[in-house]
Amino acid sequence: MIVDINFENLSELFQKRNLDSNKGDYGTVGIIGGSNGMLGSILLAGRAALKLGVGKVLIGFAYNESPISVDFMQPELMINTATYWLKSQIKVNTWVIGCGLGQSIFSQKLINEILILKRKSTIVLDADALNILASKNFSKSKLNCANNTVVLTPHPAEAARLLGCSTQEIQNNRLDAVRLLSKNFKAWIVLKGKNTLVCSPDDKTIFRNTTGNPGLASSGTGDVLAGMIGSLISQKLCLKQAILGAVWLHGKASDELSLENIGPIGLTANEIADCARKIRNKITYN
Ligand SMILES: NC(=O)C1=CN([C@@H]2O[C@H](COP(=O)(O)OP(=O)(O)OC[C@H]3O[C@@H](n4cnc5c(N)ncnc54)[C@H](O)[C@@H]3O)[C@@H](O)[C@H]2O)[C@@H](O)CC1
Ligand SMILES: Nc1ncnc2c1ncn2[C@@H]1O[C@H](COP(=O)(O)OP(=O)(O)O)[C@@H](O)[C@H]1O
């Protein structure tokens, strides 16, 4: 069965906040990645996570020493190395790993550590984490021990690497591809692109997004989506509402910005997060 994602089936996304709540009620997301000229990718994800309302965001660079200590555009982000956060005692609800991670031995080690040590958290694997999963020397059993709390967010080229076929084959049969990925990896799959598809590991329903436009075809918008998914999961929406909610809001933001002539041409990834925040508040409180 295929179900369209519309805001009517996203009630948890539009819940008002309890007046007596504090930041601890909105969870913590840890974001790991950002190596070799791709430092921006985890900052994009982290800023988006904050703007979607998570209580705390930890940014962990895949370096031995953090290349920056503060993001002056978003000083709320807590910045250190990946290793530092993985060892810290802070309770992290969701780990997002892969944005700009690279595929070095060190990056592979970080993925193994998260999958083995952080089994109780939900783990979102994006970008280079998916490329590492697709590589021959990665053992899928490491992923399976994470007990269905794994979310993979491939774009069509990453999906092709994961299934060992061509991008064209994925695009020719997106429904089969998303089903096969969720079966093979026992994970939630977000197959990105026009009309993003979402499939859960234990459910035959496939959800198809109804928002979004070619304004999203620009650098870093996938990093923003990964941050948004991690943020909503950490805020304790159920997994389905968190994933579908992030996918829908991400596309809706690009649609609204295009109506304002801020896209589709030249739309930038950070703008998506700002607009997604506005839409969530507008629907929730008006
Ligand atoms: N500011 C930054 O630091 C950025 C870092 N990034 C990182 O760069 C690394 C490489 O990722 P890339 O995704 O650029 O490289 P990839 O080689 O994985 O994929 C890029 C190619 O995928 C194909 N593709 C993507 N979406 C498609 C669609 N809807 N239909 C058909 N084909 C499609 C296209 O051929 C595209 O050129 C990742 O770690 C990523 O996180 C990127 O996210 C961009 C921004
Ligand atoms: N033509 C399009 N229509 C709708 N959504 C799109 C389109 N092109 C890209 N997107 C969305 O933009 C995002 C791009 O993610 P990704 O390819 O991982 O980018 P990056 O690696 O640069 O961050 C995905 O959420 C994808 O669904």
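Residues numbered from 1 in each chain as written. Chains lettered and ligands numbered in written order. Predicted model: local features only at pLDDT ≥ 70, side-chain atom pairs only at ≥ 80, totals over all residues. Heavy atoms only, no water.

Some remarks on the UniProt feature "binding site: (6S)-NADPHX" (unreviewed entry) in the chain
In the numbering adopted here, UniProt assigns the feature "binding site: (6S)-NADPHX" (unreviewed entry) to Gly100, His155 and Asp223. Their sequence span is 124 residues, while the largest C-alpha to C-alpha distance among them is just 14.3 Å; these annotated residues converge on one region. Inspection of the secondary structure assignment puts glycine 100 in the loop between strand 5 (94-97) and helix 3 (105-117). Tracing the backbone through its elements, the reader meets aspartate 223 in helix 9 (residues 221-234). (UniProt positions renumbered as here; feature names shortened; annotations may be inferred. Helix = DSSP H or I, 4+ residues; strand = E, 2+ residues; numbered from the N terminus.)

Digging into the pattern of salt bridges
Summed over all chains, the structure comprises seven salt bridges. For aspartate 274, the salt bridge identified is with arginine 277, shortest N-O distance 4.0 Å. On the criterion of helical spacing, the pair formed by aspartate 274 and arginine 277 is a turn pair, its members being three residues apart in helix 11 (residues 269-285). Given the relative accessible area of 32%, aspartate 274 is considered partly exposed. (Salt bridge = Lys/Arg side-chain N within 4 Å of Asp/Glu carboxyl O. Buried < 20%, exposed > 50% of the residue type's maximum accessible area, 1.4 Å probe, protein only.)

Re the sheet that holds strand 5
On the basis of which strands lie adjacent, the open sheet formed by ten strands has the order 1-10-9-8-7-6-5-2-3-4 and mixed pairing. The open sheet has two edge strands with one neighbour each: strand 1 (2-5) and strand 4 (78-81). Strand-to-strand twist of the sheet, defined as the mean angle between neighbouring strand axes without regard to direction, takes the value 20 degrees. Sheet strands touched by helix 3: strand 2 (28-33), strand 5 and strand 6 (122-125). Its angle to strand 5, the strand with the most contacts, is close to 160 degrees. (Pairing = 2+ DSSP bridges. Axes fitted to C-alpha atoms, helices over the stretch in contact; angles between N-to-C directions. Contact = heavy atoms within 4.5 Å.)

Points about the site of ligand 1
Around ligand 1, the structure places 20 residues, and the nearest of them are Gly100, Asp128, His155, Arg161 and Asp223. A distance of 2.8 Å is found between an oxygen atom of ligand 1 and a backbone nitrogen or oxygen belonging to glycine 100. Between ligand 1 and histidine 155 there is a distance of 2.9 Å, counted from an oxygen atom to a side-chain nitrogen or oxygen. A total of 870 Å² of accessible area belongs to ligand 1 in isolation, and the protein chains cover 57% of it. (Near = heavy atom within 4 Å. Polar contact = N/O pair within 3.5 Å; in protein donor to acceptor, adjacent residues only side chain to side chain. Areas by Shrake-Rupley, 256 points an atom, 1.4 Å probe, with all protein chains shown as cover.)

Some details on helix 8 (residues 174-185)
Think of an α-helix as 3.6 residues a turn; residues three or four steps apart then line up on the same face. Spanning twelve residues, helix 8 covers 16 Å between terminal C-alpha atoms, matching the ideal 16 Å at 1.5 Å per step. Every buried residue of helix 8 is accounted for by Arg174, Ala177, Val178, Leu181, Ser182 and Phe185. Taken down its axis, helix 8 places every buried residue within 125 degrees of arc, on the same side. (Expected span 1.5 Å × (residues − 1). Arc of directions from axis to C-beta.)

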